Amino acid sequence: MNSQKILTIVALIIGVISIILLGMIISMGDTAIKDAFAGGESTGSVDPLMNVAYVVLGLAVVFTVVFTLKNIATNPAALKSTLRSVVVFGVLAAIAYVMAQGVETPMKDGEVLSASGSKLVGTGLYLFYFLAVVALGSMLLFGVKKMISK
């Protein structure tokens, strides 16, 4: 049995478990879940689904890191490309951090978001905008390039 079949079976099992847990959540209804969360209680049907989501997220992160490092170790050109991408991302993050402003902000629950926390939120927003512009620009560039070459 190859790894593709094993991964397909594991994905199928996780999918079936998730569908069952989702059915339990839907059968509870919105008001029961909202009331439980408002009272600070744990809901018996939402928590298992969240745990499955955490496991799937953890597995996805681990497999991504392992196979990325495996590819980088076997291909020196990939290492150079990866390092270049990490440096460019770091430079964009630094620019976004410098552009962001930090202001203490009162939140709805009565707590106050610190100036440094506000600056980090602003940094994340600016970084998202930069990366969205880069993605849109590259899609447009390669789309126009492909249309011109035909």
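Residues numbered from 1 in each chain as written. Predicted model: local features only at pLDDT ≥ 70, side-chain atom pairs only at ≥ 80, totals over all residues. Heavy atoms only, no water.

Structural notes on the overall build of the chain
Rules: We count a stretch as a helix when DSSP gives it H or I for four or more residues in a row; a strand needs E for two or more, and each element gets its number in order from the N terminus. Whether two residues are in contact is decided by their heavy atoms: any pair within 4.5 Å suffices. Here, Shrake-Rupley sampling with a 1.4 Å probe gives the accessible areas, and only protein chains in the shown set may cover a residue.
A tally of regular secondary structure across the chain gives five helices and two strands. Considering only contacts within the chain whose residues lie at least 6 apart along the sequence, 40% involve residues at least 24 apart. For the chain, the accessible area works out to roughly 11600 Å², and carbon and sulfur atoms hold 74% of it.

Some details on the side chain of S118
We count it as follows: Buried means the residue's accessible area, taken with a 1.4 Å probe over protein chains only, is under 20% of the maximum for its type, while exposed means over 50%, and partly exposed covers the values in between. Whenever a nitrogen or oxygen atom comes within 3.5 Å of another N or O atom, the pair is scored as a polar contact, on the condition that within protein one atom can donate a hydrogen and the other can accept it, and that pairs from neighbouring residues in sequence are kept only if both atoms are in side chains.
Note that S118 resides in helix α5 (residues 115-149). A residue is classified by how much of its surface remains accessible, and S118, at 14% relative accessible area, is buried. One polar contact links the side chain of S118 to the main-chain carbonyl oxygen of V103, over a distance of 3.3 Å. In this structure S118 touches Q101, G102, V103, T105 and L113, once residues within four positions along its chain are discounted.

Regarding helix α1 (residues 3-28)
Going by this rule: By this rule, a helix spans an expected 1.5 Å times one less than how many residues it contains.
When the terminal C-alpha atoms of α1 are compared, their 38 Å separation across 26 residues agrees well with the 38 Å that a helix rising 1.5 Å per residue should span. Just past α1, the residue G29 takes up positive phi, approximately 95°.

Comments concerning the packing of helix α4 (residues 76-99) against α5
Worth spelling out the cut-off: Whenever a helix is involved, its axis is fitted only over the stretch in contact; in every case the axis is a line through C-alpha atoms, and angles between N-to-C directions fall within 0 to 180 degrees. Oblique is the label for any angle not under 35 degrees, not over 145, and not in the 65 to 115 range, which are roughly parallel, roughly antiparallel and roughly perpendicular in turn. With the far helix as reference, a near helix turned anticlockwise by less than a right angle produces a left-handed crossing, and one turned clockwise produces a right-handed crossing. Lys, Arg, Asp and Glu make up the charged group, whereas Ala, Val, Leu, Ile, Met, Phe, Trp, Tyr, Cys and Pro make up the nonpolar group; the residues left over, Gly among them, are polar.
Viewed as axis vectors pointing N to C, α4 and α5 meet at an angle of 130°, and their least axial separation amounts to 8 Å. One way to sum up the angle between α4 and α5 is to call them oblique. Viewed along their axes, α4 and α5 form a crossing whose handedness is right-handed. Here F89, L92, A93, I95, A96, Y97, V98 and M99 of α4 come into contact with α5, specifically with K119, L120, T123, Y126, L127, F130 and L131. Residues that form the contact of α4 with α5 fall into these classes: 13 nonpolar, one polar and one charged.

Observations regarding the packing of aromatic side chains
Defined as follows: Two rings from Phe, Tyr or Trp (for Trp, the six-membered ring) form a pair when their centres are within 6.5 Å of each other. A pair whose planes differ by under 30 degrees is stacked, one over 60 is edge-to-face, and the rest are tilted. A ring is scored as having a charge over it whenever the NZ atom of a lysine or the CZ atom of an arginine sits within 6 Å of its centre and within 35 degrees of its normal.
Across all of its chains, the model carries two aromatic pairs by this definition. Above the ring of Y97, the side-chain terminus of K119 is found at 4.7 Å from the ring centroid.

Things to note about α5
Taking 1.5 Å of rise per residue, 35 residues should cover 51 Å, and α5 covers 51 Å from first to last C-alpha, within 8% of that figure. Elements that come into contact with the buried residues of α5 comprise α4, β1 (105-106) and β2 (112-113).

Examining the confidence of the model for the chain
Predicted coordinates in regions of low pLDDT should not be interpreted in detail. The criterion, for reference: Looking at any residue, its pLDDT shows the predictor's confidence there, from 0 to 100.
On average, residues of the chain score 85 in pLDDT, and 89% of them reach the 70 mark or higher. Confidence, read as mean pLDDT per element, is least for helix α2 (residues 30-38) in the chain (68) and greatest for α5 (93).

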